[in-house]
Protein chains: 2
Amino acid sequence: MSKKSPMREKILQAAEKRVRAAGFAEMSFRDVASDVGIKSASVHYHFPTKAELGEALVEEYTTRFNAFLVQLDTEALLPAIRSYIALYAKALILDEAICLCAIMGAEAIGLPREINEKTRTFFEMNLVWLENLFGKHLGASNRPLAAMVVSALEGAIIVSSASKDRKIFDDVAEEVIQLIASRA
Amino acid sequence: MSKKSPMREKILQAAEKRVRAAGFAEMSFRDVASDVGIKSASVHYHFPTKAELGEALVEEYTTRFNAFLVQLDTEALLPAIRSYIALYAKALILDEAICLCAIMGAEAIGLPREINEKTRTFFEMNLVWLENLFGKHLGASNRPLAAMVVSALEGAIIVSSASKDRKIFDDVAEEVIQLIASRA
DNA sequence: GTCTATAATTTGATAGAC
DNA sequence: GTCTATCAAATTATAGAC
């Protein structure tokens, strides 16, 4: 679906970084253009409108996240959960940013419907993956537990990032692991 | 600290609604002025800069939230937690919006330092309140459990709101209650 | 594909009348 | 306290040259 143009990829990368740092509304074509070394008019060649850039961002983010999830399907329950948590930890610590879909979800009312639908798909993908994981290892699907895990990790990234205190995320990560271990 | 001017209160209320729906960056003086029936120049009389309006928003939100928390201090553990969860449920369902400090935290990089500090204070207030509650009823303070509760509820509001599925929040709320009950 | 130039709109903010 | 008038800057987006 997505073309492999190198500049397109550079734009997506720069735009994602800015959205995940300050929000979709704060990300401007001029800033992104400056980041990748071209002019804002040239960004419109790759993404005609800001809405289309936003859609591509969420789409690509979801695809990338899903690629990781698929890899985890062979692991046992607790190792899989640890790897899943590591995805969120990477977002917070390595990228020094929050989850793209957390900010897109928070800004939802001001965003185009197409972006909102893709954001929703990201969360549903996470929930379904966890449900299947629990179904496979705990015998029952357990959507409430899946919702608890996704919410706790998404929330932990925001609270931890806003508080500039990584320990908050680490505390929540450990609680999530213990919670699932207690259900096993 | 905050003056009791009726128009000032109306402005704060309208601005909070807009920030919690689409973010601080998307909230404009003109839109807020229109909401309360005055011109944007008049908003500057009450709040000279947008940064000052933002600070007042977080400050007032924190004060209001704290007033609720103080009231809950006489309740037993599980009733107190249920009431605490109800505060978040009210934000999601009645206000049809996410937590002000969740969006302020998510947009942090693009916001003035003063707002970031006040946002951080809000989260710390929540953590300390929960820590004290656990200390009183569980014998030990347990900051990780406090972080888990705050993160799960903040995250649940965002995921639930973005997915337009209230059941996600309700599921997480029930998981939080069960989690704390299991530690009692 | 990228550029210059520019249109059209919105924004935060100020000056000064009332 | 609120208004009109206005400004300077930033924004999304388009047209057309190269």
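In case you missed it, the structure is sitting above this.
The rules behind the values
- Residues numbered from 1 in each chain as written.
- Chains lettered and ligands numbered in written order.
- Predicted model: local features only at pLDDT ≥ 70, side-chain atom pairs only at ≥ 80, totals over all residues.
- Heavy atoms only, no water.
- Near = heavy atom within 4 Å.
- Polar contact = N/O pair within 3.5 Å; in protein donor to acceptor, adjacent residues only side chain to side chain.
- Helix = DSSP H or I, 4+ residues; strand = E, 2+ residues; numbered from the N terminus.
- Nonpolar A, V, L, I, M, F, W, Y, C, P; charged D, E, K, R; others polar.
- Contact = heavy atoms within 4.5 Å.
- Buried area = accessible area lost by both parts, 1.4 Å probe.
- Salt bridge = Lys/Arg side-chain N within 4 Å of Asp/Glu carboxyl O.
- Phe/Tyr/Trp six-rings, centres within 6.5 Å; stacked < 30°, edge-to-face > 60°.
- Buried < 20%, exposed > 50% of the residue type's maximum accessible area, 1.4 Å probe, protein only.
- Least-squares fit on C-alpha atoms with pLDDT ≥ 70 in both.

(A) Main features of the protein's contact with DNA strand C. In the region of DNA strand C, 15 residues are neighbours, and Lys39, Ser42 and His46 of chain A together with Phe29 and Lys50 of chain B sit closest. Of all DNA strand C atoms lying within 4 Å of any protein atom, the proportion belonging to sugar or phosphate reaches 56%. Lysine 39 of chain A has a polar backbone atom sitting 2.5 Å from a phosphate oxygen of DNA strand C. Within the side chain of histidine 46 of chain A, a nitrogen or oxygen atom sits 2.7 Å from a phosphate oxygen of DNA strand C. Among the elements of the structure, helix 3 (40–46) of chain A together with helix 2 (29–36) and helix 3 (40–46) of chain B are those that each provide at least two residues to the surface near DNA strand C. By residue number, the principal contributor to the surface near DNA strand C is helix 3 of chain A, which donates four residues. Partitioning the surface near DNA strand C into residue classes produces seven nonpolar, five polar and three charged.

(B) Highlighting the interface of chain A and chain B. Counting residues at the interface gives 43 residues for chain A, matched by 43 residues for chain B. Of the roughly 3,500 Å² buried between chain A and chain B, counting both surfaces, carbon and sulfur atoms make up 67%. When residues of chain A are sorted by the area they lose upon contact with chain B, Ala106, Met148 and Glu175 of chain A head the list and together hold 17% of the total. Counting across the interface, chain A meets chain B through two salt bridges. Note that glutamate 175 of chain A and arginine 183 of chain B form a salt bridge whose closest N and O atoms lie 2.8 Å from each other. Taken together, chain A and chain B are joined by six residue pairs in polar contact (both at pLDDT 80 or more).

(C) Focus on the packing of aromatic side chains. For the coordinates displayed, the defined rule picks out 14 aromatic pairs over all chains. When the ring of phenylalanine 65 of chain A is compared with that of tyrosine 88 of chain A, the centres are 5.7 Å apart and the planes differ by 75 degrees; the resulting orientation is edge-to-face. Placement of phenylalanine 65 of chain A in helix 4 (residues 50–71) and of tyrosine 88 of chain A in helix 5 (residues 77–94) is noted, with a sequence separation of 23 residues between them. Of the two residues examined, phenylalanine 65 of chain A and tyrosine 88 of chain A, each falls in the buried class. Residues tyrosine 61 of chain B and phenylalanine 65 of chain B carry aromatic rings whose centres are separated by 6.3 Å and whose planes lie at 35 degrees to one another, so their mutual orientation is tilted. Within this pair, tyrosine 61 of chain B and its partner phenylalanine 65 of chain B are both found in helix 4 (residues 50–71), separated by four residues, close to a single helical turn.

(D) The arrangement of the environment of phenylalanine 47 of chain A in detail. Residue and element names in this part refer to chain A. The topology assignment puts phenylalanine 47 in the loop between helix 3 and helix 4. The exposure class of phenylalanine 47 is buried, given its relative accessible area of 2%. As for phenylalanine 47 and alanine 147, which are separated by 100 residues in sequence, their C-alpha atoms are 34 Å apart. Those residues in contact with phenylalanine 47 that lie beyond four places of it in its chain are Arg8, Ile11, Leu12, Phe29, Glu52, Leu53 and Ala56.

(E) Representation of the relation of the copies chain A and chain B within the structure. Note on the identical chains: chain A maps onto chain B by a rotation of 180 degrees and an axial translation of 0.0 Å, with an RMSD of 0.0 Å. Between the two chains, the operation in question is that of a two-fold axis. Both copies contact each other with a shared surface, as 100% of the interface residues of chain A are interface residues in chain B too.

(F) Layout of the protein's contact with DNA strand D. In the region of DNA strand D, 17 residues are neighbours, and Arg30 and Lys50 of chain A together with Lys39, Ser42 and His46 of chain B sit closest. What you see for DNA strand D is that sugar and phosphate hold 52% of its atoms within 4 Å of the protein. Serine 42 of chain B is positioned such that a nitrogen or oxygen atom in its side chain is 2.9 Å from a phosphate oxygen of DNA strand D. The set of elements that each furnish at least two residues to the surface near DNA strand D consists of helix 2 (29–36) and helix 3 of chain A together with helix 3 of chain B. Ranked by residues supplied to the surface near DNA strand D, first place goes to helix 3 of chain B with four residues. In terms of residue class, the surface near DNA strand D is built from seven nonpolar, six polar and four charged.

(G) Region of interest: the pattern of salt bridges. Residue and element names in this part refer to chain B. Tallied over the full model, the rule gives 32 salt bridges over all chains. A salt bridge links glutamate 16 to arginine 64; the shortest N-O distance between them is 2.5 Å. Placement of the pair is glutamate 16 in helix 1 (residues 6–22) and arginine 64 in helix 4, with a sequence separation of 48 residues. When its relative accessible area of 7% is taken as the criterion, glutamate 16 is described as buried. Of the charged contacts in the structure, one is a salt bridge between glutamate 55 and lysine 118, with a shortest N-O distance of 3.6 Å. Of this pair, glutamate 55 sits in helix 4 while lysine 118 sits in helix 7 (residues 113–138), placing them 63 residues apart in sequence.

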